[in-house]
Every structure is written in C-alpha cells, then in structure tokens.
Amino acid sequence: MRNALLFHTSILSVLLVACQCQGKNDVEPETEPVQDEVALPKVISHKKYNVDVEELSGICLTADGESLWAVGDQGQLAKVTIKNGQVSVENIKHFDDDLEGVTLDPASGDLHVCVEGSQKVARISAPDFTERTDLFNVRDAVVGKYGNSGLEGITWYRDSTVYVGSQEEANLWRYNLKGEVLDCFSLETVVSGIREIGGLCYDSVNDWLWVTDSEVHALFVFSGDARTYLGKYKVSYIGNNESICVDHAHNCVWVGDDDDDQPHIYRLEMDGLTIN
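Participant: Hey, could you run me through the pairing of strand E4 (residues 76-83) in this one?
Facilitator: A regular strand places its side chains on the two faces of the sheet in alternate fashion. Sheet topology note: the strand E3 (residues 68-72)/E4 ladder contains four bridges and is antiparallel. Its bridge partner lying in E4, Leu 68 is registered against Val 80. Where E3 hands over to E4, the hairpin turn is made up of three residues, of which Gly 75 adopts a positive phi near 90 degrees. Across eight bridges, the pairing between E4 and strand E5 (residues 86-94) is antiparallel.

Rendered as structure tokens:
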C-alpha cells in the first residue's frame, strides 16, 4: 500500500509540474531546438478583441500601419482599426471566393490574397480594393486535390516574391508574380511538430518568417528563407489561430482567431520584438 501511495504521489507531482510548465509556455518560446545565437522576443501579455469579419482567416497591416486588412472564408475584405481599446470594422467588398490569406505589396499598395478551393493567388488593386485579378494557380495544390486543406497563408517576401502555404503537409511555396515557382518544400522537414500552415507573415526587420498553426495552437518562427527553425510560442488560449501579423511600430504581434461564433483578433504585447 505504501509503495502504491508513493507511486501515486510521484505521478501527481509530475502532473503538477507539467501543468506549471504548460502555463509558462503559453507566453514564452520553447527553448529546444532554438538557435543559440537568436533571442526571440517574449510575450508580455495578450488581449482579445471581437471583430465582425465572418470566418476571419487572414490579416496584414495597411500601408500606413495604423489598421489591419482582414479577409474571411466568405469572401469579405475589411479594414479593421483597433485604437485605445476600441474596434471599428469598415467593410470594403465581398468577393465570391474563400479568402484565406492576405498580404500587402509595399511598392504598389495592392493586396494579394490566396484562395482555397481553386488554390489560386489573386491581386486586389489599390486604391479602391474592389477589383480582383487572378494571377496564378498553385499547381501542386490543384493536382494534389488539396480541397479544403489547401492554401491558407500568403506573405510578401523579397524581390517581389510571395510565400504561399497550405494546411496539407505544411507545404511552403515561393512564387514570383508571373506565377513561376521558385522554391517548394514542407516545413515538416525543418521542424518536427508542425502540422499545418494556417497563416504567414514575413518580418523584414528581423528577416524572420512567422507561421501560425491552429492544429497545435502555436506560432512558429523561422529564418527568412524558412530553412532554419528558431523557436515557437504556445498559444493555447487562442481557439483557432489562422492568421498572423507582426507590427514593429506598435511592438506587438496580431493573431486572428477564426471562431465560428465570434471571430477575434488577439494583440500579443512583445518585449524585444525589434532586435536589429
């Protein structure tokens, strides 16, 4: 009986330690196998905002950096402004597509979106953002019949190229705007534990690629070329983290939550976001 009691006490101690570690990792990056020479910023706090964007799936900063462009599964394009704790949503247009990701061309101000189902990338032209032009299909996702596990994230990269990512196999493509694929590989080959690409954001200040994975409720950080894993943040407090946007001007990372009942945008206040 005594041995059994000691056994159960030991198990309870392990569980208590595990629970304590889980709570800590909600707001701190994992330490293995983070690169020793890179110090990732820490999450100081997070705050949740309700947003009226149906099935919110993609976010990125506006050209002035004061608002967020947001897209949803039902084709909604909206401008979301969060200031002094108040949220305003300006609906721009509904497109007849499943919009899963959005990114800004810093030179032209145009938006580029990825569309699930048809597995394509399209441009929404500035300044009115009401005209859409289809640019190219991601052939691998079409031929592979990814369907509803297809394109989920897009982000502007260097030299007028974009990264596009899929839920299926956490595949990452780099395309130029002519529709020529320049690179393709699965992030599963870079780090174990990632299960999908739910959203993408290239951080040009630090030359990092941020990836959100709603399957494991985490934010992964890679080098800009996505070949080196730098670390991750557990965000178990976010139900369906499908989009991400790094905002150096406001020292935060925005994360979109595609909650069926009430979509949210989380603001993760960071310490040490800008390291260069």
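Participant: Please explain the sheet that holds strand E20 (residues 264-271) as it appears in this structure.
Facilitator: Through backbone hydrogen bonds, the strands of a sheet pair up, either in parallel or in antiparallel fashion. Strand order in this open sheet of four strands is E1-E20-E19-E18, and the pairing throughout is antiparallel. Only two strands of the sheet have a single neighbouring strand rather than two, namely strand E1 (42-50) and strand E18 (241-247). Between one strand axis and the next, the sheet turns by 20 degrees as a mean value, whatever way the strands run. Pairing between strand E19 (residues 252-257) and E20: six bridges, direction antiparallel. Bridged to Val 253 within E20 is Leu 268.

Participant: Would you take a moment to explain empty space enclosed by the protein for this structure?
Facilitator: A probe as big as a water molecule, rolled over the atoms, marks out the empty space that is left. A full pass over the atoms with the stated rule returns one cavity of 30 Å³ or more. One number sums up the size of the largest cavity: a volume of about 60 Å³. Looking at the largest cavity, it is lined by 15 residues, and the ones nearest its centre are Gly 58, Ile 59, Gly 199, Leu 200 and Ser 243. Mapped by element, the contributors of at least two residues to the lining of the largest cavity are strand E2 (56-61), strand E6 (98-104), strand E10 (151-156), strand E14 (199-203) and E18. Residue composition of the lining of the largest cavity, by class: five nonpolar, seven polar and three charged.

Participant: Got a minute to help me understand the nonpolar core in this structure?
Facilitator: The nonpolar side chains of a soluble globular protein tend to be buried with one another. The biggest cluster of nonpolar side chains holds 20 residues, and the ones touching the most others in it are Trp 210, Tyr 233, Val 253, Leu 268 and Met 270. Secondary-structure elements contributing two or more residues to this core are strand E15 (208-213), strand E16 (218-223), strand E17 (229-234), E18, E19 and E20. Ignoring any residue separated from it by four or fewer positions in sequence, one finds Leu 268 in contact with Val 43, Ser 45, His 46, Leu 219, Val 235, Tyr 237, Asn 251, Cys 252, Val 253 and Val 255. If you look at the next biggest cluster of nonpolar residues, it comprises 18 residues, including Ala 170, Ile 194, Leu 200 and Tyr 202.

Participant: Honestly, the pairing of E16 in this entry has me stumped. Any pointers?
Facilitator: Taking burial as the measure, the six residues of E16 include six buried ones, the bulk of the element. Turn length for the E15-E16 hairpin, with the two strands adjacent in sequence and antiparallel, is four residues, and the turn residue His 217 shows positive phi of about 55 degrees. Pairing of E16 with E17 involves five bridges; the strand directions are antiparallel. In the sheet register, Ala 218 faces E17, and the bridge partner there is Lys 234. Hairpin connection from E16 to E17: five residues lie between these consecutive antiparallel strands, with Ala 226 at a positive phi of about 65 degrees.

Participant: I tried to follow the pattern of salt bridges on my own but got confused; where do I start?
Facilitator: Where charged atoms from two side chains of opposite charge come close, those side chains can pair. This model, assessed by the stated rule, comprises eight salt bridges. As a salt-bridge pair, Arg 267 and Glu 269 come within 3.0 Å of each other at their nearest N and O atoms. On the accessibility criterion, Arg 267 (21% relative accessible area) is partly exposed. Each of Asp 97, Lys 120, Arg 132 and Asp 134 takes part in a single network of salt bridges with overlapping partners.

Participant: Could you clarify how one ought to interpret the side chain of Asp 258 in this entry?
Facilitator: Within the secondary structure layout, Asp 258 lies in the loop between E19 and E20. Once you skip the residues sitting within four places of it in the chain, Asp 258 turns out to touch Glu 55, Leu 56, Ser 57, Asp 73, Asn 240 and Glu 242.

About the criteria used
Residues numbered from 1 in each chain as written. Predicted model: local features only at pLDDT ≥ 70, side-chain atom pairs only at ≥ 80, totals over all residues. Heavy atoms only, no water. Pairing = 2+ DSSP bridges. Helix = DSSP H or I, 4+ residues; strand = E, 2+ residues; numbered from the N terminus. Axes fitted to C-alpha atoms, helices over the stretch in contact; angles between N-to-C directions. 1 Å grid on protein atoms, 1.4 Å probe; cavity = no way out; pocket = protein on both sides within 12 Å on 5 of 7 lines; lining within 4 Å. Points joined across faces, edges and corners; volume = space filled by probe spheres on them. Nonpolar A, V, L, I, M, F, W, Y, C, P; charged D, E, K, R; others polar. Core = buried A, V, L, I, M, F, W, Y, C linked by side-chain atoms within 4.5 Å. Buried < 20%, exposed > 50% of the residue type's maximum accessible area, 1.4 Å probe, protein only. Contact = heavy atoms within 4.5 Å. Salt bridge = Lys/Arg side-chain N within 4 Å of Asp/Glu carboxyl O.

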